[in-house]
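# Structural overview
So you can see what is in the structure, the chains are spelled out below.
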Amino acid sequence: MFIERNMDNNQKPCNYAGFELCATYCNEDVRLCTELTEPAIVLNSFELIRQERQAYKDMLDFDHMTGLLSKRAFYERADAKLLQAKIHNQNYGLITFDINNFKKFNDQLGHVKGDQVLMQLGEALRENTRQDDLLSARFGGDEFMFLCNLQPCYVDHLLLVEERLASIAKRMEGLVNRTLKQHAQYLTAAFGYTLWDSEQSLNQLIDSADKAMYQAKKKQKTSFFD
């Protein structure tokens, strides 16, 4: 297939099959047209574009500090999971926590040290939680969210749904507080968690877990069940 275009005496007609793309470049530089006639070069260009798009998507989907999901990605994926859970009659719960005294830590030691806390905490959570059963997200600042799949597994099939959620929260509480205390003894985490009742929206579920967390702060405890 040939593309009709104005050529000087030194140019040859283009026979690139993807003529729409080629025509655009031919008007700019005939050397680009020659390059595009090579299939390997075209495929490599498409692969580079795909990689760039994936890198941009990852930048939007994941928090750069902790490697956990961003708030936007958490909303998107959690909504989808709750929709499927309602269809299949599955149980879910939400855990939230934030870091007590984190502002004090930043003020005393600087934000670079604070960033190190967040990075180490994100690494610990990624390595010690089952990603298939838990959506983990940094909601901003020092607040974190976890949507938990509470379907029974071989180690807890006799537990009630409430007991499974409490068990997950307790394990996470221990992991988070051990990680925080490596940086300062006064750093702790306040947890709140609640069951999804299958009728709540995601925002309602988050609000319920947040209220439980703030009640925990008032009672000076690190765990509270709503």
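Below, the structure is looked at part by part. (Residues numbered from 1 in each chain as written. Predicted model: local features only at pLDDT ≥ 70, side-chain atom pairs only at ≥ 80, totals over all residues. Heavy atoms only, no water.)

### Description of the overall build of the protein
Helix and strand counts for the protein come out as eight helices and four strands. Out of the 226 residues in the protein, the part that is buried amounts to 39%. Total accessible area on the protein is roughly 13800 Å²; 52% of this is exposed by carbon and sulfur atoms. (Helix = DSSP H or I, 4+ residues; strand = E, 2+ residues; numbered from the N terminus. Buried < 20%, exposed > 50% of the residue type's maximum accessible area, 1.4 Å probe, protein only. Areas by Shrake-Rupley, 256 points an atom, 1.4 Å probe, with all protein chains shown as cover.)

### Considerations on the environment of Gly 141
Structurally, Gly 141 can be placed in the loop between strand 2 (134-140) and strand 3 (143-149). Separated by 38 residues in sequence, Gly 141 and Lys 103 have C-alpha atoms that sit 9.9 Å apart.

### Description of the environment of Gly 67
For Gly 67, the location among the structural elements is in the loop between helix 3 (39-61) and helix 4 (71-88). Gly 67 sits 71 residues away from Arg 138 along the chain, and the two C-alpha atoms are 8.7 Å apart. Those residues in contact with Gly 67, other than ones at most four positions away along the chain, are Phe 62 and Arg 126. (Contact = heavy atoms within 4.5 Å.)

### As for the pairing of strand 4 (residues 188-195)
Most of strand 4 sits out of view: six of its eight residues are buried. For strand 1 (residues 92-100) and strand 4, the ladder comprises eight bridges, and the chain directions are antiparallel. Across the sheet, residue Phe 97 finds its bridge partner in strand 4, namely Phe 191. (Pairing = 2+ DSSP bridges.)

### A closer look at helix 8 (residues 202-218)
Between its first and last C-alpha atoms helix 8 spans 25 Å; for 17 residues at 1.5 Å apiece the expected length is 24 Å, and the two agree. Contact partners of the buried residues in helix 8: helix 4, strand 1, strand 2, strand 3 and strand 4. (Expected span 1.5 Å × (residues − 1).)

### Section: unusual backbone geometry
Negative phi characterises most residues that are not glycine, and trans characterises most peptide bonds. Despite not being glycine, Asn 101 has its phi angle at roughly 70°, a positive value. On the secondary structure map, Asn 101 appears in the loop between strand 1 and helix 5 (102-109). Since its relative accessible area comes to 38%, Asn 101 is described here as partly exposed.

### Some points on the side chain of Arg 138
Within the element layout of this structure, Arg 138 appears in strand 2. Residue Arg 138 is classed as buried on the basis of its relative accessible area, which comes to 14%. One polar contact links Arg 138 to Asp 63, side chain to side chain, over a distance of 3.2 Å. At a separation of 3.0 Å, a polar atom in the side chain of Arg 138 contacts the main-chain carbonyl oxygen of Gly 141. In contact with Arg 138, not counting residues within four places along its chain, are Asp 63, Met 65, Thr 66, Leu 68, Leu 69, Ser 70, Lys 71, Leu 118, Glu 143 and Phe 144. (Polar contact = N/O pair within 3.5 Å; in protein donor to acceptor, adjacent residues only side chain to side chain.)

### Observations regarding the packing of aromatic side chains
Scanning the model with the defined rule gives six aromatic pairs in all. Taken together, a centroid distance of 4.9 Å and an interplanar angle of 25° make the contact between Phe 97 and Phe 191 stacked. Here Phe 97, found in strand 1, pairs with Phe 191, found in strand 4; they are 94 residues apart in sequence, far enough to count as distant. With respect to burial, Phe 97 and Phe 191 carry one shared label: buried. (Phe/Tyr/Trp six-rings, centres within 6.5 Å; stacked < 30°, edge-to-face > 60°.)

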